[in-house]
Amino acid sequence: MKISSHYNILKNLVEEKKAVVSIIGLGYVGLPLSILFSKNNFRVIGIDIDKNKIKKLKSGKSYIKHIKNNSINEGIKKGNLIFSNNLEDVSKANIIIICLPTPLNQYREPDLSFITSTLKIISPHFKKGQLLILESTSYPGTTEEIIKPVIEENNFLIGDDFFLVYSPEREDPGNLKFKTSNIPKVVGGITKNCLEIASTLYSFVIKEVIQVSNTKTAEMTKLLENIHRAVNIGLVNEIKPLAYEMGIDLYEVIEAAKTKPFGFVPYYPGPGLGGHCIPIDPFYLTWKAKEYGMHTRFIELAGEINQSMPKYVVDKLIDGLNKKSKSINGSKILLLGIAYKKNVDDMRESPALKIISLLEKKGADVSYCDDYFETFPETRKYNFKLKKISLKKNTLESFDAAILVTDHDYFNYDLISKYCKLLVDTRGRFANSKNKNIIRA
């Protein structure tokens, strides 16, 4: 392995914690990472083009509920955490970490426009001796095919005077046990020098660094993790209607099965997949597989099943209303929880969105109850104008039905069970209930 002077200089800066780290994209991945580097005495420039977000962060206020204000203020007061909406500030950094969204377009194909448009702006400000790390999830080959050519167009020699790495994010918002600092970090570099310098950097802030042979392997690792979950969730979602028809409590089955000390990992059914990763990442591989003339049938089947769950939930609601001689058209429906998972203020790809869309198309009058959202967030695809409802006896009694979409721990489930005229439980929270007004879906 040839060691260049640029490698030695950057490695020394990292080891002495004098390297400046710029993180582009201050969402659920970038903001915690910025705080983590700051806490470990690296100087951090957090960059996001959302001016309102930057204004709030500069005042020491978090816009993500599970990230506390004091964790931001600590870095600001120490002088090693600053925020900017100017992408050109990457010129002031030794390390550039990209944590931008990678959604799917309307045809369920990868949309890398956030990355490519950002690269176009920042590439003129690259300088020798910098390390660029992509953390955004994408298909195997993204780092080599999209980012590497941009760097080489600037006449840099990767591994010698510029360094390029892929290291997938592994955030789990709301997880009290695992945070950025104690989730093992997978790192793959374009060259050995790239790998070593990035591994050294992450080793100062993350407990364990896992080196892999190249960037494609690191990219595939991230996809496999999420495909594993998507396929297994699809499996239990497929079994759920069958178990219901057979009079079997699937949740009891899962609890019994997970007592086996080997060979079984419990996954639970739900109203559909949510979050930025699980509903999206598998399709990055199905898209890339077509380039090799291959068809990923398991992944696509799981996707079909999981995408069908919101309709299954609405159909169960309609059946329940019909038994009470009520039409869905004109019925008042309350959604309990709109986040994609419990105890977080994250709406990305939430199944609640599809459920609301289906309900409104059928003429239902929809409201929501979720203390993590004072107003209903606007998303890229939907802009619902829904009223937020407080969880009270008279409120619940005023609705024809409620759907438990997200089982936040703060909900008063005794109150819900007692006063809902009809409740569709998509999370198994009332699996043991004998209440005839509760429908499992």
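Residues numbered from 1 in each chain as written. Predicted model: local features only at pLDDT ≥ 70, side-chain atom pairs only at ≥ 80, totals over all residues. Heavy atoms only, no water.

*Asks:* Report on the overall build of the protein, specifying residues and quantitative values.
*Replies:* The number of helices and strands found in the protein is 14 helices and 13 strands. Taking 441 residues into account, the globule formula puts the C-alpha radius of gyration at 22 Å, and the protein, at 24 Å, falls close to it. Projected onto its principal axes, the C-alpha positions of the protein cover 80 × 50 × 40 Å. Buried residues in the protein amount to 54% of all 441 residues. Looking at the protein alone, contacts between residues at least 24 apart form 70% of all its contacts between residues at least 6 apart. With the model as given, the accessible surface of the protein reaches about 20,500 Å², and the carbon-plus-sulfur share is 51%. Looking at charge distribution, the protein has the averaged site of its 63 positive side-chain charges lying 5 Å from that of its 49 negative ones. (Helix = DSSP H or I, 4+ residues; strand = E, 2+ residues; numbered from the N terminus. Rg over C-alpha atoms; globule rule 2.2 N^0.38 Å. Buried < 20%, exposed > 50% of the residue type's maximum accessible area, 1.4 Å probe, protein only. Contact = heavy atoms within 4.5 Å. Areas by Shrake-Rupley, 256 points an atom, 1.4 Å probe, with all protein chains shown as cover. Lys, Arg positive; Asp, Glu negative; His and termini not counted. Charge placed at Lys NZ, Arg CZ, Asp CG, Glu CD.)

*Asks:* An account of the sheet that holds strand 12 (residues 423-425) is needed here, citing residue identities and associated values.
*Replies:* In space, the five strands of this open sheet follow the order 10-9-11-12-13, with parallel pairing throughout. In this open sheet, the two edge strands, each paired with only one partner strand, are strand 10 (365-369) and strand 13 (438-440). Averaged over all adjacent pairs, the angle separating strand axes in this sheet is 25 degrees, with direction ignored. This element, helix 11 (residues 297-323), spans strand 9 (332-336), strand 11 (401-404), strand 12 and strand 13 of the sheet and lies at about 150 degrees to strand 11. (Pairing = 2+ DSSP bridges. Axes fitted to C-alpha atoms, helices over the stretch in contact; angles between N-to-C directions.)

*Asks:* Account for a positive patch on the surface, naming residues and giving values.
*Replies:* A surface patch of like charges, here positive, comprises R108, K354, K361 and K381. The residue K361 is located in helix 12 (residues 351-361) in this model. Given a relative accessible area of 67%, K361 falls into the exposed group. (Patch = residues over 30% accessible without salt bridge, like charges linked within 9 Å, V, L, I, M, F, W, Y side chains within 5 Å. Salt bridge = Lys/Arg side-chain N within 4 Å of Asp/Glu carboxyl O.)

*Asks:* Describe in detail a nonpolar patch on the surface, supporting the description with residues and values.
*Replies:* A cluster of nonpolar side chains, contributed by L242, M246, I248 and V253, occupies part of the molecular surface with about 360 Å² of accessible area. Take M246: it is sitting in the loop between helix 8 (215-245) and helix 9 (250-257).

*Asks:* A description of the nonpolar core should follow, citing residues and the corresponding values.
*Replies:* Counting residues in hydrophobic clusters, the biggest one holds 76 residues, and the most contacted among them are F37, I95, I97, L131 and L132. Residues within four places of I95 in sequence aside, it is in contact with L10, V14, A19, V20, V21, S22, L131, I133 and L201. (Core = buried A, V, L, I, M, F, W, Y, C linked by side-chain atoms within 4.5 Å.)

*Asks:* With reference to specific residues and values, describe the pairing of strand 1 (residues 20-24).
*Replies:* Of all five residues making up strand 1, five are buried, and the element is well covered by its neighbours. Burial of the side chains of strand 1 extends over both faces: V20, S22 and I24 are buried on one face and V21 and I23 on the other. Where strand 1 lies against strand 2 (residues 43-47), five bridges are found, and the strand directions are parallel. Residue pairing across strands places V20 opposite R43, the latter belonging to strand 2. With helix 2 (residues 30-39) bridging strand 1 and its parallel neighbour strand 2, the resulting β-α-β unit is right-handed. (Right-handed = clockwise from strand over helix to strand, strands pointing away.)

*Asks:* I'd like a rundown of the sheet that holds strand 2, residues and numbers included.
*Replies:* One open sheet holds the eight strands; their spatial order is 3-2-1-4-5-6-7-8, and the pairing between them is mixed. Each edge of the open sheet carries a strand with a single partner, namely strand 3 (81-84) and strand 8 (209-211). Strand-to-strand, the axes of this sheet are offset by a mean angle of 25 degrees, without reference to chain direction. Of the strands in this sheet, strand 4 (95-98), strand 5 (130-134) and strand 6 (162-166) touch helix 1 (residues 5-15), which is tilted by about 60 degrees from strand 6.

*Asks:* Can you break down helix 3 (residues 51-58) residue by residue, with the values?
*Replies:* Where helix 3 is concerned, the buried positions are K53, I54 and L57. Here the buried residues of helix 3 occupy an arc of 95 degrees about the axis, which is enough to place them on one side. Residues of helix 3 that are exposed and point more than 90 degrees away from the buried face comprise K51, N52 and K55. The elements touched by buried residues of helix 3 are helix 2, strand 2, helix 4 (69-78) and strand 3. Backbone geometry just after helix 3 places G60 at a positive phi near 85 degrees. (Arc of directions from axis to C-beta.)

*Asks:* Talk me through the state of the cysteines; I want residue IDs and the actual numbers.
*Replies:* Applying the stated criterion across every chain, the model contains zero disulfides. The closest cysteine sulfur to the non-disulfide-bonded C194 is located on C99, 18 Å from its own sulfur. Taking relative accessible area as the criterion, C194 reaches 0% and is therefore assigned buried. A disulfide-free cysteine, C420 has its sulfur positioned 9.9 Å from the sulfur of C369, the nearest such atom. For C420, a relative accessible area of 7% corresponds to the buried category. (Disulfide = S-S within 2.5 Å.)

*Asks:* Just give me the short version of the environment of I254, but keep the residues and values in it.
*Replies:* Tracing the backbone through its elements, the reader meets I254 in helix 9. Judged by relative accessible area, which is 4%, I254 ranks as buried. Considered as a pair, I254 and Y268 are 14 residues apart in the sequence and their alpha carbons are 7.7 Å apart. Residues within four places of I254 in sequence aside, it is in contact with F264, P266, Y267, Y268 and P269.

*Asks:* Go over unusual backbone geometry with me, naming the residues and quoting the values.
*Replies:* Its identity as a non-glycine residue notwithstanding, N155 has a phi of 65 degrees, on the positive side. With respect to the helices and strands, the residue N155 is situated in the loop between helix 6 (142-153) and strand 6. The class for N155 is exposed, based on a relative accessible area of 68%.

*Asks:* Before we move on, can you summarise the environment of R380 with the specific residues and values?
*Replies:* Within the fold, R380 resides in the loop between strand 10 and helix 13 (393-397). Here R380 falls in the exposed class, since its relative accessible area comes to 62%. Along the sequence, R380 and E349 sit 31 residues apart, while their C-alpha atoms lie 9.8 Å from each other. Excluding residues that lie within four positions of it along the chain, R380 makes contacts with P101, P103 and F114.

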